[in-house]
Amino acid sequence: MAKPQKRYVCQSCGSVSHRWAGQCADCAEWNTLVEEAGGGTVTPFQAKHNLQSGGRSFQLVGLDAEIALPERMASGIAELDRALGGGFVEGSATLIGGDPGIGKSTLLLQAAAKMALAGRSVAYVSGEEAADQVRLRARRLGLGNAPVQLAAATSTRDILTTLGQGTPPDLLVIDSIQTMHSDLIEGAPGTVSQVRASAQELIRFAKERGTAVVLVGHVTKDGSIAGPRVLEHMVDTVLSFEGERSHQYRILRAIKNRFGGTDEIGVFAMVAEGLAEIANPSALFLTQRDEGVTGTTVFPALEGTRPVLVEIQALVVRLASGATPRRAVVGWDSGRLAMVLAVLEARCGLSFSTSEVYLNIAGGYRVQDPAADLAVAAALVSALSERPVPVDAVAFGEIALSGELRPVAHGALRLKEAGKLGFERALVPSALVGEKTPLSLTGFKTLGTFVDHMLGRG
């Protein structure tokens with residue numbers, strides 16, 4: 001049956017066109033062409049490429065519609081559940097990345113074993129190790145009796161065919177996605193097209209069968225997950241396993257989470273029995289001493305809802321030769337250090353132009369909290385003047401370019417954690433002095449008054 005041909009009529013001059021355009025070709029008026037039903041027929045090619053008809057209609061629901069919340073599956077590891085927002089979600093896809101040897105496979109094997117021991121069906125597919133190697137690692141971790149189904153395979157078709165024959169598992173671990181191969185795409189495993197195609201098939205399986213899929217991803221030299229960037233958009237949750245191999249601690253941080261927040265972290269320590277949970281992370285990053293040391297300050301950082309006390313160390317070395325001074329930072333933003341140094345010179349009269357400045361966050365911890373400005377300034381002033389900050393004091397606050405000290409979020413929570421660990425004083429912006437806390441608060445409106453307090457001026 002003949003279908004009406006689309007046509008566009010100019011509302012200004014009445015000319016007819018079979019294609020829409022922003023400007024009428026006859027009268028040169030703009031935005032006057034309006035679609036109207038016309039005569040003629042539509043060819044099969046035109047009908048196929050017209051997306052305004054021929055599809056299936058679907059139901060639209062309101063934003064206030066009552067729906068059931070997704071069910072969570074506890075992993076048996078509290079720190080992992082904290083980073084996930086409460087546990088794995090049925091039918092979700094999670095991507096976890098980290099440096100080689102950081103403990104990704106160990107963490108997932110521990111979680112898989114504990115979930116299997118709790119009655120969940122778990123499948124662990126390794127593309128990098130043989131099944132016997134995974135089994136030996138499980139025995140070393142004391143989890144050799146866990147009913148986890150192991151396999152060593154790299155073909156995505158074989159994996160999905162095997163898992164689709166019976167009841168799908170509650171949890172599927174793929175270690176790693178860079179070793180998977182799809183016969184629908186040409187290319188070696190690990191290429192952009194192979195990683196994208198394999199991940200897409202695995203995620204489709206997770207959505208259709210209700211299995212929680214965990215994909216292990218390699219990282220590049222700069223720490224980002226290797227492979228196509230679109231892979232992070234395909235999954236529901238992206239976790240980053242951070243830490244130095246030379247340090248004992250590991251931090252699991254959520255970069256993206258469609259089922260929870262991205263402000264929570266999980267803290268682990270690598271021990272002989274695998275990864276152990278750290279309930280009090282502040283104990284890892286604080287130095288126990290009785291006497292004050294110049295250039296060190298304790299800062300109560302905040303990771304999500306968890307306060308973590310870390311030690312900030314600064315060293316100022318005066319140069320007599322007139323050479324260009326260095327600025328070295330470990331664990332903090334180098335641009336923010338330059339800003340704090342500039343404010344100290346412009347607003348407080350201190351000179352760092354002839355000195356080298358080194359800043360370090362103890363324990364290999366990385367601080368991204370802007371509240372660390374005042375603690376960094378205290379460490380720098382202490383190192384420059386060789387006056388130690390009191391051992392029982394913490395400092396936090398944000399520094400404005402005008403030299404004003406700005407209040408930060410969750411000040412009471414930071415002070416409460418500091419009080420638990422035995423600190424008695426806090427150097428804070430004056431806006432926080434009214435907080436109810438067991439600590440003795442000393443407030444400052446500007447960075448200049450804070451420097452004067454530290455140097456004993458007036």
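Described below are features of the structure shown in this document. (Residues numbered from 1 in each chain as written. Predicted model: local features only at pLDDT ≥ 70, side-chain atom pairs only at ≥ 80, totals over all residues. Heavy atoms only, no water.)

Check the secondary structure of the chain and you find twelve helices and 23 strands. A compact globule built from 458 residues would reach a C-alpha radius of gyration of about 23 Å, whereas the chain, at 30 Å, exceeds it by more than 25%. Across its three principal directions, the C-alpha atoms of the chain cover 95 × 75 × 50 Å. Per-residue burial over the chain gives 45% buried out of 458 residues. Sequence-distant contacts, at least 24 apart, represent 66% of the contacts inside the chain between residues at least 6 apart. Entry remark: accessible area of the chain is about 23200 Å², with carbon and sulfur atoms responsible for 51%. With 44 positive and 47 negative side-chain charges, the chain shows a spacing of 2 Å between the two charge centroids. (Helix = DSSP H or I, 4+ residues; strand = E, 2+ residues; numbered from the N terminus. Rg over C-alpha atoms; globule rule 2.2 N^0.38 Å. Buried < 20%, exposed > 50% of the residue type's maximum accessible area, 1.4 Å probe, protein only. Contact = heavy atoms within 4.5 Å. Areas by Shrake-Rupley, 256 points an atom, 1.4 Å probe, with all protein chains shown as cover. Lys, Arg positive; Asp, Glu negative; His and termini not counted. Charge placed at Lys NZ, Arg CZ, Asp CG, Glu CD.)

Here we take up the side chain of glutamate 356. Secondary-structure assignment places glutamate 356 in strand β18 (residues 355–361). Arginine 326 provides the closest opposite charge to the buried, salt-bridge-free glutamate 356, at an N-O distance of 5.5 Å. One polar contact links glutamate 356 to tyrosine 358, side chain to side chain, over a distance of 2.6 Å. Among all residues touching glutamate 356, those that are not within four sequence positions of it are Leu315, Val316, Val317, Leu319, Pro325, Arg326 and Arg327. (Salt bridge = Lys/Arg side-chain N within 4 Å of Asp/Glu carboxyl O. Polar contact = N/O pair within 3.5 Å; in protein donor to acceptor, adjacent residues only side chain to side chain.)

So, on to the nonpolar core. Counting residues in each nonpolar core, the largest one holds 66 residues, and the members touching the most others are Phe299, Leu344, Tyr365, Leu380 and Leu447. If one sorts the elements of this core by residue count, helix α10 (residues 373–385) sits on top with ten residues. Residues within four places of tyrosine 365 in sequence aside, it is in contact with Tyr249, Ile251, Ile265, Phe285, Glu303, Val308, Val310 and Gly331. (Core = buried A, V, L, I, M, F, W, Y, C linked by side-chain atoms within 4.5 Å.)

A few words on the packing of aromatic side chains. Applying the stated rule across the entire model yields two aromatic pairs. Between phenylalanine 241 and phenylalanine 268, the aromatic rings sit 6.1 Å apart at their centres with planes inclined by 75 degrees, giving edge-to-face as the arrangement. Residue phenylalanine 241 is located in strand β11 (residues 237–242), and its partner phenylalanine 268 is located in strand β13 (residues 265–271); the two are separated by 27 residues in the primary sequence. In terms of burial, phenylalanine 241 and phenylalanine 268 fall into one category: buried. Taken together, a centroid distance of 5.2 Å and an interplanar angle of 85 degrees make the contact between phenylalanine 444 and phenylalanine 450 edge-to-face. Directly above the aromatic system of phenylalanine 396 lies the positively charged group of arginine 414, at a separation of 5.8 Å from the ring centroid. (Phe/Tyr/Trp six-rings, centres within 6.5 Å; stacked < 30°, edge-to-face > 60°. Lys NZ or Arg CZ within 6 Å of the ring centre and 35° of its normal.)

Take the pattern of salt bridges next. Per the stated rule, a full pass over the model turns up 15 salt bridges. We note a salt bridge from glutamate 79 to arginine 306, for which the minimum N-O separation is 2.9 Å. Of this pair, glutamate 79 sits in helix α2 (residues 78–84) while arginine 306 sits in strand β16 (residues 306–318), and the two are 227 residues apart along the sequence. Given the relative accessible area of 7%, arginine 306 is considered buried. Via salt bridges that share partners, Lys207, Asp236 and Arg258 belong to a single interconnected network.

All right, on to empty space enclosed by the protein then. Inspection of the entire model under this criterion finds one cavity of 30 Å³ or more. Roughly 40 Å³ of volume is contained in the largest cavity. Taken together, Arg72, Leu84, Gly87, Phe88, Val89, Ser92, Thr94, Thr237, Asn257 and Phe259 form the lining of the largest cavity. Taken together, the residues of the lining of the largest cavity break down into four nonpolar, five polar and one charged. (1 Å grid on protein atoms, 1.4 Å probe; cavity = no way out; pocket = protein on both sides within 12 Å on 5 of 7 lines; lining within 4 Å. Points joined across faces, edges and corners; volume = space filled by probe spheres on them. Nonpolar A, V, L, I, M, F, W, Y, C, P; charged D, E, K, R; others polar.)

As a further point, take helix α4 (residues 131–140). Buried within α4 we find Val134, Arg137 and Ala138. One face of α4 carries all of its buried residues, which in axial projection span an arc of 100 degrees. Pointing more than 90 degrees away from the buried face of α4 are the exposed residues Leu136, Arg139 and Arg140. Buried residues along α4 sit in contact with α3 (104–117), β7 (122–126) and β8 (149–152). The first or second residue beyond α4 is glycine 142, which carries a positive phi of 80 degrees. (Arc of directions from axis to C-beta.)

This brings us to the sheet that holds β7. Sheet strands associate in pairs through backbone hydrogen bonding, adopting either a parallel or an antiparallel arrangement. Read from one edge to the other, the open sheet built from nine strands follows the order β8-β7-β9-β10-β6-β11-β12-β13-β14, with strand pairing classed as mixed. At either end of the open sheet lies a strand with only one pairing partner, and these are β8 and β14 (274–277). Here the average twist between neighbouring strands, direction ignored, is 25 degrees. In this structure, β13 lies alongside β14, joined through four bridges in antiparallel fashion. Across the sheet, valine 271 pairs through a bridge with glycine 274, a residue of β14. Of the strands in this sheet, β7 and β8 are in contact with α4, which crosses β8 at around 140 degrees. Those strands touched by helix α6 (residues 192–209) are β6 (93–98), β9 (171–175) and β10 (212–217), and its axis lies near 160 degrees from that of β10. (Pairing = 2+ DSSP bridges. Axes fitted to C-alpha atoms, helices over the stretch in contact; angles between N-to-C directions.)

Summarising the element assignment, cysteine 24 is placed in the loop between β2 (16–17) and β3 (33–38). Residue classification places cysteine 24 among the buried positions, given a relative accessible area of 3%. On a C-alpha basis, the gap between cysteine 24 and alanine 272 in space is 77 Å, while along the polypeptide they are 248 residues apart.

Here strand β15 (residues 296–303) runs beside β16; their pairing, made up of eight bridges, is antiparallel. Looking at β16, one finds that threonine 297 is bridged to isoleucine 312. What sits between β15 and β16 in their antiparallel hairpin is a turn of two residues, with glycine 304 showing a positive phi close to 70 degrees. For β16 and β18, the ladder comprises seven bridges, and the chain directions are antiparallel.

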